Structures are given as structure tokens and as C-alpha cells.
Amino acid sequence: MAVTSEATTVWRGDLVSGAGTTTLDSSGAGAFPVTWASRSQGTREGTTPEELIGAAHSACFSMAFSHALAENGTPPESLQVTAAVTFVPGEGITGSHLLVSATVPGLSEEDFERLAEEAKAGCPVSQALSGISITLEASLA
């Protein structure tokens, strides 16, 4: 069964001085202000498309990795995943760096690293982001 998720952005004004609001329609989980200054200069006036992509990437990788670990017979006690998505004005989105800290009893470092790389490759958001560099830094806690 296919599931379609929706978000809507309403933008007013030009790129530089305008502003918008992005609403997570499917879940109703919130509405977030967006501005060019936040995106291009790192101001904290609101979220950015890259922050939202980072949220999607960290959530997707967490699901893929927890599944891979469970399939291996070593389900995680906990995973903490941060996705740092980089935007360069005039160039675009250039990369996503996954930073993972996990508590997984009974798993060797070698198997941990292999499963993390497999989860990175198999994560649907990683696949959707295949046009950019995706790096992974994972450690057992």
C-alpha cells in the first residue's frame, strides 16, 4: 500500500525579504517559518529545507538501521542519529552527514559498521538523495 505524505509552504514576497510558513499537512505535527536568511546565512529565524531534509534522513536511517540490527539478531537498545545537511548558496545542497551513536549489546564493531553502511545504502531517503555526498560516522556507545 502506497502512502503519500504532504507538506505545504505559503510564501509571501521576494526571495530575500519574503518569508513563508511550511506546514506538515499529513501529520498536523506543526507549522514552521522559513526565510532565505535562515537558509543562506544560518540565522535562527525559522527552519530551512535542509533542516527538514535532515529530519527526514535521520528518521529514515534510524528505521533502516534498527531493522538491520534486529534482523541480525542484535536489536538496538537505543540509536541517536543526527543528519547534518549542507547548503551552499548558488551551488545547492552538497551533502548529508549522518552521525550515529548506538547502544547495541552483543554486536562487534565490525558488524556494527557493516550494518550501518548497509542501512545508509538501503534507506529510502538516502536513495532519494543519491545526487549528493552522504557520509556516515557511527560509534557504539
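Everything discussed here concerns the structure shown above.
Residues numbered from 1 in each chain as written. Predicted model: local features only at pLDDT ≥ 70, side-chain atom pairs only at ≥ 80, totals over all residues. Heavy atoms only, no water.

Student: Whenever I open this one, the sheet that holds strand β5 (residues 92–103) confuses me. Can you help?
Tutor: Sheet strands pair by backbone hydrogen bonding; their relative direction is either parallel or antiparallel. Reading across from one edge, β4-β5-β6 is the order of the three strands in this open sheet, with mixed pairing throughout. On the outer flanks of this sheet lie β4 (78–88) and β6 (133–140), each paired with one strand and no other. Shown here is a sheet whose adjacent strand axes are inclined to one another by a mean of 15 degrees, direction ignored. Pairing analysis gives eight bridges linking β5 to β6, with the strands arranged parallel. Within β6, the residue paired with histidine 97 across the bridge is threonine 135. Helix-sheet contacts for helix α2 (residues 49–71) involve β4, β5 and β6, and the interaxial angle to β4 is about 145 degrees. The strands touched by helix α3 (residues 109–122) are β5 and β6; relative to β6, the strand with the most contacts, the crossing angle is about 150 degrees. (Pairing = 2+ DSSP bridges. Helix = DSSP H or I, 4+ residues; strand = E, 2+ residues; numbered from the N terminus. Axes fitted to C-alpha atoms, helices over the stretch in contact; angles between N-to-C directions. Contact = heavy atoms within 4.5 Å.)

Student: I would appreciate a short explanation of the packing of α2 against α3 in the present structure.
Tutor: The relative placement of two packed helices is expressed as an angle between their axes plus a distance between the axes. Two elements in contact, α2 and α3, have axes whose closest approach is 9 Å; the angle formed by their N-to-C orientations is 135 degrees. Our classification of the angle between α2 and α3 gives oblique. You can see that α2 and α3 cross each other, and the crossing is right-handed. On the side of α2, the interface is formed by Phe61, Ala64, Phe65, Ala68 and Leu69, while α3 contributes Phe112, Leu115, Ala116, Ala119 and Lys120. Its residues assigned to classes, the contact of α2 with α3 shows nine nonpolar, no polar and one charged. (Parallel < 35°, antiparallel > 145°, perpendicular 65-115°, else oblique. Left-handed = near helix turned anticlockwise from the far one by under 90°. Nonpolar A, V, L, I, M, F, W, Y, C, P; charged D, E, K, R; others polar.)

Student: When you look at the layout of surface pockets in this model, what are you seeing that I'm missing?
Tutor: Summary: where empty space remains is shown by rolling a probe the size of a single water molecule over the atoms. What the largest pocket holds in volume is close to 390 Å³. In this structure, the largest pocket is lined by 15 residues; those nearest its centre are Ser5, Leu24, Leu52, Ala55 and Ala56. Secondary-structure elements contributing two or more residues to the lining of the largest pocket are β2 (19–24) and α2. When residues in the lining of the largest pocket are grouped by element, the largest group, six residues, is from α2. (1 Å grid on protein atoms, 1.4 Å probe; cavity = no way out; pocket = protein on both sides within 12 Å on 5 of 7 lines; lining within 4 Å. Points joined across faces, edges and corners; volume = space filled by probe spheres on them.)

Student: Can you help me understand the pattern of salt bridges in this one?
Tutor: Close approach of charged atoms allows side chains of opposite charge to pair. Tallied over the full model, the rule gives four salt bridges. Here glutamate 50 and arginine 39 are joined by a salt bridge, their closest N and O atoms 2.6 Å apart. Of the two residues, glutamate 50 sits in helix α2 while arginine 39 sits in helix α1 (residues 36–41), which places them eleven residues apart along the sequence. On the basis of relative accessible area, glutamate 50 is assigned to the buried category, the value being 4%. With its nearest N and O atoms 3.4 Å apart, the salt bridge here joins arginine 114 to glutamate 118. Note that arginine 114 and glutamate 118 are positioned in helix α3 at a spacing of four residues, about one turn of the helix. Accessibility expressed as a relative area gives 36% for arginine 114, which makes it partly exposed. With relative accessibility at 45%, the residue glutamate 118 sits in the partly exposed group. Salt bridges here are not isolated pairs; linked through shared partners, they connect Asp111, Arg114 and Glu118. (Salt bridge = Lys/Arg side-chain N within 4 Å of Asp/Glu carboxyl O. Buried < 20%, exposed > 50% of the residue type's maximum accessible area, 1.4 Å probe, protein only.)

Nothing here speaks to function; it is geometry throughout.
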